[in-house]
Amino acid sequence: QLQLVESGGGVVQPGGSLRLSCAASGFTLNYYGIGWFRQAPGRDREGVSCISMHDDKYYADSVKGRFTISRDNAKNTVYLHINNLEPDDTAVYYCAAADTVRREGYVCYGEVREYEYDYWGQGTQVTVSS
């Protein structure tokens, strides 16, 4: 019943932009922390951004200044705006939700901690190529 669905990926040239969406169903995102992760072939999964229920935000150094995370509670959706895409941004991007009621220690700062997230989407492919 609890589901996250990512969308918005695609193929884009270097320097281009994308907006990824993470839509929740079966629960409200208002009380969840949301993380965005990416995984490229041969690489570990990387936490790139998170947003807390209080709208605290974090960005990994590799994406800071280019990625922007935002929440629209009315649409029960979290977005990841990606600007100035680079070939190294090519990956499957996943969103994940942390139940902050069960995880009272959840914070969104310093890093995106994969083990804190309870629900995961299926991923959306981002390919940056000229």
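Residues numbered from 1 in each chain as written. Predicted model: local features only at pLDDT ≥ 70, side-chain atom pairs only at ≥ 80, totals over all residues. Heavy atoms only, no water.

S.K.: I'm lost on the state of the cysteines in this one. Help?
M.R.: Where two cysteines share a covalent bond between their sulfur atoms, that bond is called a disulfide. Scanning all chains against the criterion turns up two disulfides. There is a disulfide in this structure between Cys 22 and Cys 95, and the S-S distance comes to 2.0 Å. Of note, the bridge from Cys 22 to Cys 95 carries an S-S torsion of about 70° and is right-handed in sense. Pair noted here: Cys 22 is in strand E3 (residues 18–25) and Cys 95 is in strand E9 (residues 91–99), with a separation of 73 residues, a long-range link. The buried category is assigned to Cys 22, whose relative accessible area is 0%. Classification of Cys 95 as buried rests on a relative accessible area of 0%. (Disulfide = S-S within 2.5 Å. Helix = DSSP H or I, 4+ residues; strand = E, 2+ residues; numbered from the N terminus. Buried < 20%, exposed > 50% of the residue type's maximum accessible area, 1.4 Å probe, protein only.)

S.K.: How should I be thinking about the sheet that holds E3 in this particular structure?
M.R.: Strand pairing in a sheet relies on backbone hydrogen bonds, with the paired strands running either antiparallel or parallel. Read across the sheet, four strands follow the order E1-E3-E8-E7 without closing on themselves; strand pairing throughout is antiparallel. Each end of this open sheet is capped by a strand with a single partner; those strands are strand E1 (3–7) and strand E7 (67–72). Sheet twist, expressed as the average angle between the axes of neighbouring strands with direction ignored, equals 15°. Bridging between E3 and strand E8 (residues 77–82) involves six bridges; their strand directions are antiparallel. Looking at E8, one finds that Arg 19 is bridged to His 81. (Pairing = 2+ DSSP bridges. Axes fitted to C-alpha atoms, helices over the stretch in contact; angles between N-to-C directions.)

S.K.: Just checking my understanding: could you explain the pairing of strand E4 (residues 32–39) for this structure?
M.R.: Within E4, seven of the eight residues are buried, which leaves the element mostly enclosed by the surrounding structure. When E4 meets E9, the two strands line up antiparallel, connected through eight bridges. Directly across from Gly 35, in E9, lies its bridge partner Ala 96. Turn length for the E4-strand E5 (residues 46–51) hairpin, with the two strands adjacent in sequence and antiparallel, is six residues, and the turn residue Gly 42 shows positive phi of about 80°.

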